[in-house]
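Reading the structure
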Amino acid sequence: MESTAMITPGLARDLATLGRLGEDTSTESVLRGLTTALAAGVPGCSGGSAEHWRDQRVLVSGSHSELIMLVEGERELGEGPSAEARRTGARAYVPDVLTDTRWPRYDALATRWGVRSVLVVPIEVPPALLLVGLYSVRPGAFSPQGAHSLTEMLTEQVGVAMANMWEFEEVRTDHAQLQEALAGRALIDQAKGIIMQTSGCTAEAAFEELRRISQHHQVKVADLARLLVEEHQRKSRRRPAAG
């Protein structure tokens with residue numbers, strides 16, 4: 001009797017590594033790693049796809065370009081296992097697209113790409129929803145018993161990976177904003193120095209002058225400071241050196 005297990009040691013190892021972060025970690029890289037792990041690690045699985053839904057926007061990844069086209073084609077049709085899983089929040093399974101009668105247009109599209117059986121697993125990772133698709137070139141490749149265990153593992157491992165990635169992106173964004181703020185502060189200090197040098201005023205008065213001009217022209221103080229510093233540097237380069 002054929003085994004119904006869908007989890008292999010290799011799949012468990014590859015899913016666990018999704019949560020490891022690096023400088024190039026992104027939603028795209030996590031989804032790409034997920035689909036590759038499914039294609040390589042699930043017995044009978046010929047390829048995988050992942051749809052990342054957030055705020056009505058979707059990001060699609062696939063182990064094969066044909067599967068990305070299948071997922072996008074299904075979305076255009078408005079029918080199929082992914083659409084059903086998204087609507088109901090439950091797994092959707094097509095044992096054989098040649099005998100399925102629920103989504104004839106999707107079945108015809110899947111047949112065109114050589115797909116015979118499909119399993120789509122929805123995973124809630126607030127505030128996002130992941131639709132993980134498994135595809136096989138043979139019918140009946142995915143058992144209901146194996147799908148339940150796989151869903152539990154995917155929910156745990158992918159949930160951790162996405163949570164880690166979002167936290168990492170938030171820290172990375174905060175760091176970039178801090179660097180931008182520090183750079184802006186440095187420009188403002190330079191601009192204040194230029195105003196103080198030319199008008200003989202205090203630092204406080206120089207900043208007030210910057211703020212007054214920025215409000216009048218409806219530009220940010222940092223942007224105005226950058227323009228002032230750049231103009232000062234251009235004039236300095238044009239100024240002949242003392243002989």
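Look up a bit, the structure's there.
Residues numbered from 1 in each chain as written. Predicted model: local features only at pLDDT ≥ 70, side-chain atom pairs only at ≥ 80, totals over all residues. Heavy atoms only, no water.

Here we come to the overall build of the chain. Per the secondary structure count, the chain includes 8 helices and 5 strands. Reading the helices (α) and strands (β) of the chain from amino to carboxyl end gives α-α-β-β-α-α-β-α-β-β-α-α-α. Buried positions account for 38% of the 243 residues belonging to the chain. Taking the intrachain contacts of the chain between residues at least 6 apart in sequence as the baseline, contacts between residues at least 24 apart amount to 60%. (Helix = DSSP H or I, 4+ residues; strand = E, 2+ residues; numbered from the N terminus. Buried < 20%, exposed > 50% of the residue type's maximum accessible area, 1.4 Å probe, protein only. Contact = heavy atoms within 4.5 Å.)

What the 5 strands build is an open sheet, ordered 2-1-5-4-3; its pairing is antiparallel. Two strands bound the open sheet, and with one partner strand each, they are strand 2 (57-62) and strand 3 (92-94). Taken over all neighbouring pairs, the strand axes of this sheet differ in orientation by 15 degrees on average, direction set aside. Bridge analysis of strand 1 (residues 47-54) against strand 2 gives 6 bridges, and the strand direction is antiparallel. Its bridge partner being in strand 2, Trp53 is matched across the sheet by Val58. Against the sheet, helix 4 (residues 81-88) engages strand 1, strand 3, strand 4 (117-125) and strand 5 (128-136), with an angle of about 30 degrees to strand 4. (Pairing = 2+ DSSP bridges. Axes fitted to C-alpha atoms, helices over the stretch in contact; angles between N-to-C directions.)

Mapped onto the fold, Ser136 is located in strand 5. If we skip the residues at most four places from it in the chain, Ser136 touches Gly44, Ser46, Gly114, Val115, Arg116, Ser117, Ala141 and Phe142.

What follows covers the packing of helix 3 (residues 65-77) against helix 5 (residues 104-112). It is the contact of helix 3 with helix 5, at a shortest axis distance of 10 Å, that shows an interaxial angle of 160 degrees. Classed by the angle they form, the pair helix 3 and helix 5 counts as roughly antiparallel. The two elements helix 3 and helix 5 cross, and the hand of that crossing is right-handed. Mapping the contact onto sequence places Leu70, Gly73, Glu74 and Leu77 in helix 3 and Arg105, Tyr106, Leu109 and Ala110 in helix 5. For the contact of helix 3 with helix 5, the per-class residue count stands at 5 nonpolar, 1 polar and 2 charged. (Parallel < 35°, antiparallel > 145°, perpendicular 65-115°, else oblique. Left-handed = near helix turned anticlockwise from the far one by under 90°. Nonpolar A, V, L, I, M, F, W, Y, C, P; charged D, E, K, R; others polar.)

Residues Leu34, Leu134 and Leu154 are the most contacted members of the largest nonpolar core, which totals 29 residues. Breaking this core down by element, the ones donating at least two residues are helix 1 (9-16), helix 2 (27-41), strand 4, strand 5 and helix 6 (144-199). Among the elements that take part in this core, helix 6 stands out by supplying 8 residues, more than any other. When sequence neighbours within four positions are dropped, the list of residues in contact with Leu34 reads Leu15, Leu18, Ala50, Val132, Leu154 and Val158. In this structure, Val60, Leu70, Ala85 and Val118 belong to the second largest nonpolar core, which totals 19 residues. (Core = buried A, V, L, I, M, F, W, Y, C linked by side-chain atoms within 4.5 Å.)

Turning our attention to the packing of aromatic side chains. Taken as a whole, this structure holds 0 aromatic pairs when the rule is applied. The aromatic ring of Trp53 is capped on one face by Arg86, whose charged end is 3.5 Å from the ring centroid. (Phe/Tyr/Trp six-rings, centres within 6.5 Å; stacked < 30°, edge-to-face > 60°. Lys NZ or Arg CZ within 6 Å of the ring centre and 35° of its normal.)

Two measures define how a pair of helices packs: the angle their axes make with one another and the distance between the axes. Look at helix 7 (residues 203-217) against helix 8 (residues 221-238): their axes get within 9 Å of each other, and the N-to-C directions meet at 105 degrees. With respect to their mutual orientation, helix 7 and helix 8 come out roughly perpendicular. Listed contacts from helix 8 to Phe207, Leu210, Arg211, Ile213 and Ser214 of helix 7 are Val221, Leu224 and Leu228. A per-class count over the contact of helix 7 with helix 8 returns 6 nonpolar, 1 polar and 1 charged.

For side chains of opposite charge, pairing can occur when their charged atoms come near one another. The full count for this structure, using the stated rule, is 10 salt bridges. Between Asp14 and Arg13 there is a salt bridge, and its shortest N-O distance comes to 3.8 Å. Classification of Asp14 by relative accessible area gives partly exposed; the value is 25%. For Lys192, the salt bridge goes to Asp189, with nearest N and O atoms at 3.9 Å. Of this pair, Lys192 and Asp189 both sit in helix 6, separated by 3 residues, roughly a single helical turn. Given a relative accessible area of 17%, Lys192 falls into the buried group. The exposure class assigned to Asp189 is partly exposed, which follows from its relative accessible area of 37%. (Salt bridge = Lys/Arg side-chain N within 4 Å of Asp/Glu carboxyl O.)

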